[in-house]
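# Structural characterization, general
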Amino acid sequence: MVASHQGLAQRVSDAFWRQPRLLLLVLLLPPLLWLGIVYVGSLVALLVQSFFSIDEFTGLINYEVTLKTYAELLQPANFDIILRTTLMAASVTVAAAIVAFPIAYYAARYARGPMKALFYLGVMLPLWSSYLVKVYAWKLILAKEGILNWMVEGIGASAVLNAVLSMPVIGGGSLSVSYIGTFLVFLYVWLPYMVLPVQAALERVPQNLLEASGDLGASPGQTLRHVILPLALPGIIAGSIFTFSLTLGDYIIPQIIGSSRLFIGQAVYAHQGTAGNIPLAAAFAVVPIVIMGFYLWMAKRKGAFDAL
């Protein structure tokens, strides 16, 4: 019996040795099945559901293919949700790029040895803590009785903060119930995903290009605009893929911090839960997929995937 098993194992080993593609297929088949059934299958089911509609009288799903549900996305209330979420994602992405660039530049050009290790630790450390803990901590920080408000009062800038909070749309009773607070928390949570790709792209910039730029008479500002930024652009776009997509699909941060106006993630959760409108929830969920599809297509053309 033992000899039989050993002979079978030897024949299988010989077959894999003669057919390396067969071995590759065996190794890749389980993850491919998982990806195809669980991930792609769920997306296909989501897409199919979005072409159904809800019967207005019975409240039941009408399983006839229609574009009625997608037309509902163009209604003012629903389109406002899409526009609000997209603008927030774009704002967070732009702000993250502005904040991340000098940090990444210092790490790529000047940090060495222990300083570079400290940089990676500082960037990665927030990612090691609980997502919910960070969000609730920021809710306390941004609250009217929070430490940020206390610091503003301490430097005598309460009038400035109150003026900002009194602004329409983005303001509120406090930072914790305003779009400004939502923006700040999004920026904090997703910033590491922008810093690391930008830092990786900046490390690829050859030092001799910077020296050549200076030798040709370019000022530091001209070198930054015409040499460093174009070469770092793929890293910035790569980081923006993370910040934009994560903001676009998040529903926990707007649920805890901000006003009562919904974002796409909250709309999906509400319609598939309490409202029971699965087709509309599916249509809302398709919107970020379509937006990110176009975004990834443009990012690929800019060579962003080379910086990932």
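Since the model is a prediction, treat every value here as computed from it, not as a measurement.

Calculation criteria
Residues numbered from 1 in each chain as written. Predicted model: local features only at pLDDT ≥ 70, side-chain atom pairs only at ≥ 80, totals over all residues. Heavy atoms only, no water. Helix = DSSP H or I, 4+ residues; strand = E, 2+ residues; numbered from the N terminus. Contact = heavy atoms within 4.5 Å. UniProt positions renumbered as here; feature names shortened; annotations may be inferred. Core = buried A, V, L, I, M, F, W, Y, C linked by side-chain atoms within 4.5 Å. Buried < 20%, exposed > 50% of the residue type's maximum accessible area, 1.4 Å probe, protein only. Expected span 1.5 Å × (residues − 1). Phe/Tyr/Trp six-rings, centres within 6.5 Å; stacked < 30°, edge-to-face > 60°. Axes fitted to C-alpha atoms, helices over the stretch in contact; angles between N-to-C directions. Parallel < 35°, antiparallel > 145°, perpendicular 65-115°, else oblique. Left-handed = near helix turned anticlockwise from the far one by under 90°. Salt bridge = Lys/Arg side-chain N within 4 Å of Asp/Glu carboxyl O. Patch = residues over 30% accessible without salt bridge, like charges linked within 9 Å, V, L, I, M, F, W, Y side chains within 5 Å. Areas by Shrake-Rupley, 256 points an atom, 1.4 Å probe, with all protein chains shown as cover. 1 Å grid on protein atoms, 1.4 Å probe; cavity = no way out; pocket = protein on both sides within 12 Å on 5 of 7 lines; lining within 4 Å. Points joined across faces, edges and corners; volume = space filled by probe spheres on them. Nonpolar A, V, L, I, M, F, W, Y, C, P; charged D, E, K, R; others polar.

## What about the side chain of Thr-85?
- Its location among the elements puts Thr-85 in helix α4 (residues 76-109).
- Not counting residues within four places of it along the chain, the set of residues in contact with Thr-85 comprises Thr-247, Leu-248, Phe-263 and Ile-264.

## Some thoughts on the UniProt feature "transmembrane region" (unreviewed entry) in the chain
- Feature annotation in UniProt assigns "transmembrane region" (unreviewed entry) to the following positions: residues 21-48, 81-106, 118-141, 177-196, 227-253 and 274-298.
- Structurally, residues 81-106 is divided into 100% helix and 0% strand, and its ends, taken at the C-alpha atoms, are 38 Å apart.
- End C-alpha to end C-alpha, residues 227-253 measures 37 Å, and it is 93% helix and 0% strand.

## Some remarks on the nonpolar core
- Counting residues in hydrophobic clusters, the biggest one holds 22 residues, and the most contacted among them are Phe-101, Met-194, Val-195, Val-198 and Leu-202.
- Secondary structure elements with two or more residues in this core: α4, α5 (114-128), α10 (192-203) and α12 (220-249).
- With eight residues, α4 is the largest single contributor of residues to this core.
- The contacts of Leu-202, once residues within four sequence positions are left out, are Phe-101, Ala-104, Tyr-105, Ala-108, Arg-109, Ile-228 and Ala-232.

## Focus on helix α9 (residues 179-190)
- Between its terminal C-alpha atoms α9 stretches 16 Å, which fits the 16 Å expected from 12 residues at 1.5 Å a residue.
- Of all the residues in α9, the buried ones are Tyr-179, Ile-180, Gly-181, Thr-182, Val-185, Phe-186, Leu-187, Val-189 and Trp-190.

## Structural notes on the packing of aromatic side chains
- Inspection of the entire model under this criterion finds 13 aromatic pairs.
- Seen from their ring centres, Phe-51 and Tyr-70 are 5.4 Å apart, and the 55° between their planes marks the pair as tilted. Remark: Tyr-70 occurs in helix α3 (residues 68-72) and Phe-51 occurs in the loop between α2 (20-50) and β1 (53-54); sequence separation between them is 19 residues.
- Their ring planes at 85° and their centres at 6.1 Å tell us that Tyr-179 and Phe-263 sit as a pair that is edge-to-face. Of this pair, Tyr-179 sits in helix α9 while Phe-263 sits in the loop between α13 (252-256) and α14 (264-272), placing them 84 residues apart in sequence.
- With relative accessibility at 8%, the residue Tyr-179 sits in the buried group.
- A network of ring pairs unites the aromatic residues Phe-101, Tyr-105, Tyr-106 and Tyr-110 as a single cluster.

## Examining the packing of α4 against α10
- Where α4 meets α10, the axes come as close as 8 Å, and the angle between the chain directions of the two elements is 45°. Classified by the angle between their axes, α4 and α10 sit oblique to one another. The handedness of the crossing between α4 and α10 comes out as right-handed. Judged by residue contacts, Thr-93, Ala-96, Ala-97, Ala-100, Phe-101, Ile-103, Ala-104, Tyr-105, Ala-107, Ala-108 and Arg-109 of α4 engage Met-194, Val-195, Val-198, Gln-199, Leu-202 and Glu-203 from α10.

## Description of the pattern of salt bridges
- Following the criterion strictly, the structure yields two salt bridges and no others.
- Two residues, Arg-84 and Asp-80, come together in a salt bridge whose shortest N-O distance is 2.1 Å. Of this pair, Arg-84 and Asp-80 both sit in helix α4, four residues apart, roughly one helical turn.
- Look at Arg-84 and you get buried, because its relative accessible area is 13%.
- We classify Asp-80 as partly exposed; its relative accessible area is 36%.
- Across the pair Lys-116 and Glu-203 runs a salt bridge, and its minimum N-O distance is 2.5 Å. On the criterion of sequence distance, the pair formed by Lys-116 in helix α5 and Glu-203 in helix α10 is long-range, its members being 87 residues apart.
- Owing to a relative accessible area of 18%, Lys-116 belongs among the buried residues under this scheme.

## Section: a nonpolar patch on the surface
- A cluster of nonpolar side chains, namely Leu-23, Leu-24, Leu-27, Leu-28, Leu-32, Leu-35, Tyr-39, Val-40, Leu-43, Val-44, Val-48 and Ile-289, defines an oily patch on the protein surface of about 1000 Å² accessible area.
- Among the elements that take part in the nonpolar patch, α2 stands out by supplying 11 residues, more than any other.
- With respect to the helices and strands, the residue Leu-24 is situated in helix α2.

## Re empty space enclosed by the protein
- Evaluation of the coordinates by the stated rule reveals one cavity of 30 Å³ or more.
- In this structure, the largest cavity spans a volume of roughly 50 Å³.
- Its residues placed into classes, the lining of the largest cavity shows five nonpolar, three polar and one charged.

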